[in-house]
Structures are given as C-alpha cells and as structure tokens.
Amino acid sequence: MTFTKEQLFFYKLKKDKPWYIENFLKIRDKSATIVPFKLNNAQRKVMGIMKEDEKQGKPKRYIVLKARQMGLSTLFEGLIFQDTSTYENKNSLIIAHEEQASSNLFNMSKLYYENIPEMIRPMKKYANGKVLQFENPTNDENEKLENPGLRSKISIATAGSGEVGRSATYHNIHASEVAFFPDAKVTMLGLLQAVPDQPNTMVVLESTANGVGDWFHDMWQKAEKGLNDFTPIFLPWFIQPEYTKAFRSVAEKEQFLAEVFAVSKDSTGADVRTYEAQLMEKFDLTAEQMNWRKTTIQNKCQGDEELFMQEYPSTAEEAFISSGRPKFNI
C-alpha cells in the first residue's frame with residue numbers, strides 16, 4: 001500500500017511524540033519568553049522509558065520522583081495535549097495538589113493550543129479554566145453530526161476539592177505533586193479505577209518527596225520492589241547540564257577540591273571521607289557541578305544541606321529522608 005505525503009504526515013503527528021513536541025509545541029521559558037519546546041536531558045530520559053513501553057504494548061504507568069525545575073510537568077502536559085488533540089474520544093485529566101498549581105498546568109495546555117499551526121489545530125468548544133474540549137462549537141445539530149470534531153477533552157482538577165473521577169473513564173492522568181495531596185489515598189483510589197488497563201493509556205504519579213510513610217512514598221517503595229505496575233523513575237539534580245558553576249580561578253578550584261577530599265578520623269580512628277567526595281565518585285560528578293551544589297546550598301537553601309537534598313536530591317533515599325526532616329542527622 002502506498003501512502004500520500006499527507007497521510008504520512010498525520011501518521012507521524014500521532015505516533016512520533018518527540019517530533020511533535022519539538023516541532024509544534026511552544027512553552028514559556030524562565031525569562032518569560034515564548035519559545036519552541038526543546039526536550040532537556042530529564043525529559044529525554046522519561047521519553048526513552050515511555051518509548052520502550054510503547055514498543056512492548058504495555059499500559060504506560062510511571063511514578064516519578066524528581067528534583068525541582070526539571071520541566072516534567074511541561075513534558076507530561078505536552079504528551080497529554082498531543083494525544084488528546086490528535087485522537088478522537090480521548091478523555092484526559094490533570095490534577096494538582098493546590099488550585100494555583102492546577103491553574104498553571106491548565107495554562108500550559110492553553111498555550112500549546114494557541115501556538116500550534118492552524119492546519120493541525122483541532123476545533124475547540126470550551127477553554128473555561130477547567131476543561132479544554134476539542135469539539136465542533138456549532139449549535140447546528142446537523143453540522144455537528146457531519147463534522148463533530150474530535151470530541152476529546154483535557155480536564156483540570158485540584159486534589160481535596162471533592163470526589164474526582166468516580167463517574168468518568170480517563171485515558172491519560174497526570175497527578176502532579178502527589179506527595180502533597182490532602183488525602184492521596186482516597187483521591188488516587190478513585191482515579192486509578194477510572195483508567196482502563198490498555199496499552200493506549202497513561203498514568204503519571206509525579207512529585208517531589210514529602211517525607212516517608214505517606215501514600216506516595218509507599219507507592220514508590222512498592223514500584224521499586226516490583227509490587228505494582230508502576231515504573232519508578234528517579235531524576236537527580238545533576239542530570240541537568242545547567243546545574244554547574246565555573247570557578248573564578250584555578251586557586252579557588254584547588255581549595256574547593258582540597259576541602260572536598262579532606263579525610264578526618266572518627267571516634268574509632270577510622271578514616272571518614274566527606275559526603276561530597278562520595279557523591280563525586282559515585283556519580284562521576286565534576287568539581288563544577290559540586291560547586292553549583294555548594295553555592296545553591298548557600299544562596300537558595302539557607303545554608304542547610306538537608307534543605308538542598310529535599311529540593312535537589314541525588315538519590316531517592318536522600319529525597320525522602322531529608323524531606324521528612326529527621327530528628328537525627330542523616
């Protein structure tokens with residue numbers, strides 16, 4: 001069978017998610033400028049995992065633990081927008097821990113819609129702050145029968161604002177900052193029943209950590225042990241290339257490394273190496289990356305290393321333990 005260029009284009013539009021994202025979606029960057037969406041390292045790692053699951057025909061189920069400012073909400077909203085705006089009868093939900101966060105996520109979807117080329121922009125019936133509905137807006141029933149549009153929609157909700165998802169079927173769910181939901185156990189019990197166990201569905205439970213013992217932590221531990229169908233994805237701060245800081249001089253770098261690799265003695269006389277040295281060797285980090293870590297602790301985390309670990313963890317254990325603010329030094 002021979003396909004026309006137009007048929008091949010629309011096939012690629014539906015199937016090639018990275019291509020769609022980088023060619024058609026636009027985002028608001030950190031300088032408040034509207035720019036093309038170019039995938040960063042963290043986003044590419046997640047996309048690679050998803051691609052493998054798609055090849056295997058698996059329902060896409062992910063629990064994502066991350067450092068801040070990774071652009072993952074931007075990615076998940078982009079993936080949901082791509083799927084919902086190119087297929088018929090798709091029902092997607094984005095739910096966040098607080099009203100302002102829900103509004104911010106909805107505005108991402110609106111921005112995607114407003115900036116995609118007209119030739120691939122679906123008809124829109126609503127964009128009212130809670131629902132972005134792709135459907136023919138006409139009131140003419142005959143016209144709607146002939147050309148109904150996609151009849152797909154993206155809905156926005158806030159955790160703790162009542163029962164969510166009990167009477168609906170969803171094909172995509174992004175639950176943002178789940179660890180901070182008022183009652184994640186109740187909210188997610190209803191939502192997870194609403195998603196069919198089919199290959200063309202996606203559920204993302206994404207959050208920074210909020211201590212140990214909560215629903216998100218429990219789900220993460222079970223995912224790591226293979227006790228549920230969620231793939232655990234941890235994204236440390238150093239995956240992002242911008243998290244690096246040059247030294248002002250060779251002497252400053254030498255002094256920094258001397259402090260990092262200094263060895264002390266514990267009460268038994270055994271050698272004790274710094275935590276920074278252990279991180280550098282374990283994850284093959286550069287002095288410039290560790291310099292960024294040091295200055296971020298000083299300038300953005302009140303000089304508190306545990307606050308840094310909470311916001312920018314190197315490991316999942318570091319994220320959960322530091323965010324719980326334990327009584328004893330970790």
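Residues numbered from 1 in each chain as written. Predicted model: local features only at pLDDT ≥ 70, side-chain atom pairs only at ≥ 80, totals over all residues. Heavy atoms only, no water.

Right, let's get into the packing of aromatic side chains. Inspection of the entire model under this criterion finds 20 aromatic pairs. Aromatic side chains Trp-237 and Trp-292 sit 5.3 Å apart centroid to centroid with 25° between the ring planes, which places their arrangement in the stacked category. Of the two residues, Trp-237 is situated in the loop between strand E10 (231-235) and helix H9 (250-260) and Trp-292 in helix H11 (residues 287-300); the sequence distance between them amounts to 55 residues. On the accessibility criterion, Trp-237 (0% relative accessible area) is buried. The ring of Trp-19 carries the charged tip of Lys-12 above its face, separated from the ring centre by 5.1 Å. Above the plane of the ring of Tyr-87 lies Lys-14, whose end atom (NZ or CZ) is 4.9 Å from the centre. (Phe/Tyr/Trp six-rings, centres within 6.5 Å; stacked < 30°, edge-to-face > 60°. Helix = DSSP H or I, 4+ residues; strand = E, 2+ residues; numbered from the N terminus. Buried < 20%, exposed > 50% of the residue type's maximum accessible area, 1.4 Å probe, protein only. Lys NZ or Arg CZ within 6 Å of the ring centre and 35° of its normal.)

Right, let's talk about the pattern of salt bridges for a bit. In the structure shown here, the tally under the stated rule is 21 salt bridges. Across the pair Asp-83 and Lys-90 runs a salt bridge, and its minimum N-O distance is 3.1 Å. Classification of Asp-83 by relative accessible area gives buried; the value is 8%. The shortest N-O distance in the salt bridge between Lys-222 and Asp-218 comes to 3.1 Å. Remark: Asp-218 and Lys-222 occur in helix H8 (residues 215-224); sequence separation between them is four residues, near one turn of the helix. Note on Lys-222: relative accessible area 34%, which makes it partly exposed. A network of salt bridges, in which partner residues are shared, links Lys-17, Glu-54 and Lys-60. (Salt bridge = Lys/Arg side-chain N within 4 Å of Asp/Glu carboxyl O.)

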